[in-house]
Amino acid sequence: MKKKVSPTRQELFRLKRRLELATRGHKLLKDKLEALVRELMPLIPKYNDLARQVEAKTGQSLRRFALAEAASQAGAVETAVRQNIQPVDVDYTREWYMGVYLPTFGEVKLPESYSYSFVETAAELDETIESMKELPGLLLELARLEQSLFIIGRELERTRRRTNALEYVVIPELRESRKEVEQKIGELERSDVSRLMKVKEMLEAAQSARMEGRMPGE
């Protein structure tokens, strides 16, 4: 429902001020929208390329584990894995960008050595462990990209909705209200001028009649 506005100079000033602020806010949101798109677009191919790389390396590592297990004594590889389950230290921070926090991870700090039986396990296990050392870093980078894509995409959609609301709803309504108030003020001013002109004519007619020694209408 359209809100009624008072045809006053004060209301006209208020509408002009709101329109100015809405237009300025729309410009800022458009700039933010463009910046978010610029930030988002390069991340998509990076994420896709890294996802393929992680998938390939994970599959390669699983195949090497299978070979190591086949070449080792029964249960030796599983035992070696269980004995070397350790927490990994990773620095985590957030960077502020265009109204959102984006995650960043530091370097993965892996254990310097692993303890398992070299007699019961085959040399393929050593090669497998060595080949997997870069996988945790790749997984963290993949997680960072995925989370960044989600955060930026969500903020992009929110900013787009606000931009559209200003562009297609708020600003047109304010312009229409301003035009309506300007028209009504103009009509009132013309009406006032017309009344003043009539009063002036009546005063001039009365003055002319007195000068002729008679009242108007006699």
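Predicted model, so just to flag it, every value in this text is computed and none were measured.

Peer 1: Help me understand the environment of P172 in this model?
Peer 2: On the secondary structure map, P172 appears in helix α4 (residues 135–211). For the pair P172 and L19, spaced 153 residues apart in sequence, the C-alpha separation works out to 9.1 Å. Contacts of P172, omitting those with residues within four sequence positions, involve L166 and E167.

Peer 1: Whenever I open this one, the side chain of T163 confuses me. Can you help?
Peer 2: With respect to the secondary-structure elements, T163 resides in helix α4. Overall, T163 belongs to the buried group, its relative accessible area being 2%. Within polar-contact distance, the side chain of T163 engages the backbone oxygen of T159 at 2.7 Å. Setting aside chain neighbours within four positions, we find T163 in contact with H26, L29 and K30.

Peer 1: Can you help me understand the nonpolar core in this one?
Peer 2: In summary, soluble globular proteins display a tendency toward joint burial of nonpolar side chains. Counting residues in each nonpolar core, the largest one holds 16 residues, and the members touching the most others are L40, L43, L50, V54, L102, I152 and L156. Where this core is concerned, the elements lending two or more residues are α1 (9–71), β2 (100–105) and α4. Here the element with the most residues in this core is α4; it accounts for eight residues. Apart from residues no more than four positions distant in its own chain, I152 is found in contact with L36, E39, L40, L43 and L102. Within the second largest apolar cluster, 11 residues are counted, among which are V5, L15, L166 and V181.

Peer 1: Is there a simple way to think about the pattern of salt bridges in this case?
Peer 2: A side chain of one charge can pair with a side chain of the opposite charge when the charged atoms of the two come close. Evaluated as defined, the whole model comprises 12 salt bridges. A salt bridge links R14 to E11, with the shortest nitrogen-to-oxygen separation between them at 2.6 Å. Here R14 and its partner E11 are both found in helix α1, three residues apart, which amounts to about one turn of the helix. In this structure E11 comes out as buried when scored by relative accessible area, which is 13%. Between R161 and E157 there is a salt bridge; the shortest N-O distance is 3.9 Å. Residue R161 and its partner E157 are located together in helix α4, separated by four residues, close to a single helical turn. On the accessibility criterion, E157 (36% relative accessible area) is partly exposed.

Rules of the game
Residues numbered from 1 in each chain as written. Predicted model: local features only at pLDDT ≥ 70, side-chain atom pairs only at ≥ 80, totals over all residues. Heavy atoms only, no water. Helix = DSSP H or I, 4+ residues; strand = E, 2+ residues; numbered from the N terminus. Contact = heavy atoms within 4.5 Å. Buried < 20%, exposed > 50% of the residue type's maximum accessible area, 1.4 Å probe, protein only. Polar contact = N/O pair within 3.5 Å; in protein donor to acceptor, adjacent residues only side chain to side chain. Core = buried A, V, L, I, M, F, W, Y, C linked by side-chain atoms within 4.5 Å. Salt bridge = Lys/Arg side-chain N within 4 Å of Asp/Glu carboxyl O.

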